Amino acid sequence: QVQLVESGGGLVQAGGSLRLSCAASGRTVGHYDMGWFRQAPGKEREFVSAVKWSGDSTYYADSVKGRFTISRDHAKNTVRLQMNSLKPEDTAVYYCAAARTWPLIIPTSKWAEFWGQGTQVTVSS
């Protein structure tokens, strides 16, 4: 089992920045690829970014490429998502996810085996 707890969401103006953190725990958490998804009201959960278990590969949705940066700290079992130049369309609940396989194409929510409880990000215009 892997447990994921997100933090760092909040309200920010357009153009601002936020950093999300995901604290992971569990005996084999270090072997999982980790990612972030988001879900806006009335929309499906969509992929944002992923980082390989080794930390040496990352993957981004086109909508956030160049603005968001994902990283992981094995020593602290933490995954972070630095979000810059935020836009109102980034408003959503952001979920941390863990999966056993690296995605070769943009993954759906079926990619993840474990989920966090989510953290709200609201970007005002």
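Residues numbered from 1 in each chain as written. Predicted model: local features only at pLDDT ≥ 70, side-chain atom pairs only at ≥ 80, totals over all residues. Heavy atoms only, no water.

**Re the pattern of salt bridges**
(1) Moving on: This structure, assessed with the given rule, holds five salt bridges.
(2) Moving on: Here Arg38 ties to Asp90 by a salt bridge, and the two come within 2.9 Å at their closest N and O atoms. Taken as a pair, Arg38 in strand 4 (residues 33–39) and Asp90 in the loop between strand 8 (78–83) and strand 9 (92–99) lie far apart in primary sequence, 52 residues in all.
(3) Moving on: On the basis of relative accessible area, Arg38 is assigned to the buried category, the value being 6%.
(4) Moving on: When salt bridges with common partners are traced through the structure, they connect Arg38, Glu46, Arg67 and Asp90 into a single cluster. (Salt bridge = Lys/Arg side-chain N within 4 Å of Asp/Glu carboxyl O. Helix = DSSP H or I, 4+ residues; strand = E, 2+ residues; numbered from the N terminus. Buried < 20%, exposed > 50% of the residue type's maximum accessible area, 1.4 Å probe, protein only.)

**Observations concerning the state of the cysteines**
(1) Moving on: The final tally for this structure, using the stated rule, is one disulfide.
(2) Moving on: A sulfur-sulfur distance of 2.1 Å marks the disulfide that ties Cys22 to Cys96. Residues Cys22 and Cys96 share a disulfide whose torsion about the S-S bond is about -85°; that sign makes it left-handed. Of this pair, Cys22 sits in strand 3 (residues 18–25) while Cys96 sits in strand 9, placing them 74 residues apart in sequence. Residue Cys22 shares its accessibility class with Cys96, and that shared class is buried. (Disulfide = S-S within 2.5 Å.)

**Let's talk about the pairing of strand 4**
(1) Moving on: Taken across its seven residues, strand 4 has six buried, putting it largely inside the fold.
(2) Moving on: Pairing between strand 4 and strand 9: seven bridges, direction antiparallel. Looking at strand 9, one finds that Arg38 is bridged to Tyr94.
(3) Moving on: Bridge count between strand 4 and strand 5 (residues 46–51): five bridges; the pairing is antiparallel. Pairing of Arg38 across the sheet is with Glu46, part of strand 5.
(4) Moving on: Between strand 4 and strand 5, which pair antiparallel and follow one another directly, the connecting turn spans six residues, one of which, Gly42, has a positive phi of 80°. (Pairing = 2+ DSSP bridges.)

**A look at the side chain of Ser49**
(1) Moving on: Along the polypeptide, Ser49 turns up in strand 5.
(2) Moving on: A distance of 3.0 Å separates a polar atom in the side chain of Ser49 from the backbone oxygen of Tyr59. (Polar contact = N/O pair within 3.5 Å; in protein donor to acceptor, adjacent residues only side chain to side chain.)

**Here's the deal with unusual backbone geometry**
(1) Moving on: At Asn77, a position not held by glycine, the phi torsion is positive, near 50°.
(2) Moving on: Checked against the element boundaries, Asn77 lands in the loop between strand 7 (68–73) and strand 8.
(3) Moving on: The partly exposed category is assigned to Asn77, whose relative accessible area is 31%.
(4) Moving on: The phi dihedral of Ser85 falls on the positive side, at around 50°, and the residue is not glycine.
(5) Moving on: Here Ser85 shows up in the loop between strand 8 and strand 9.
(6) Moving on: Residue classification places Ser85 among the partly exposed positions, given a relative accessible area of 42%.

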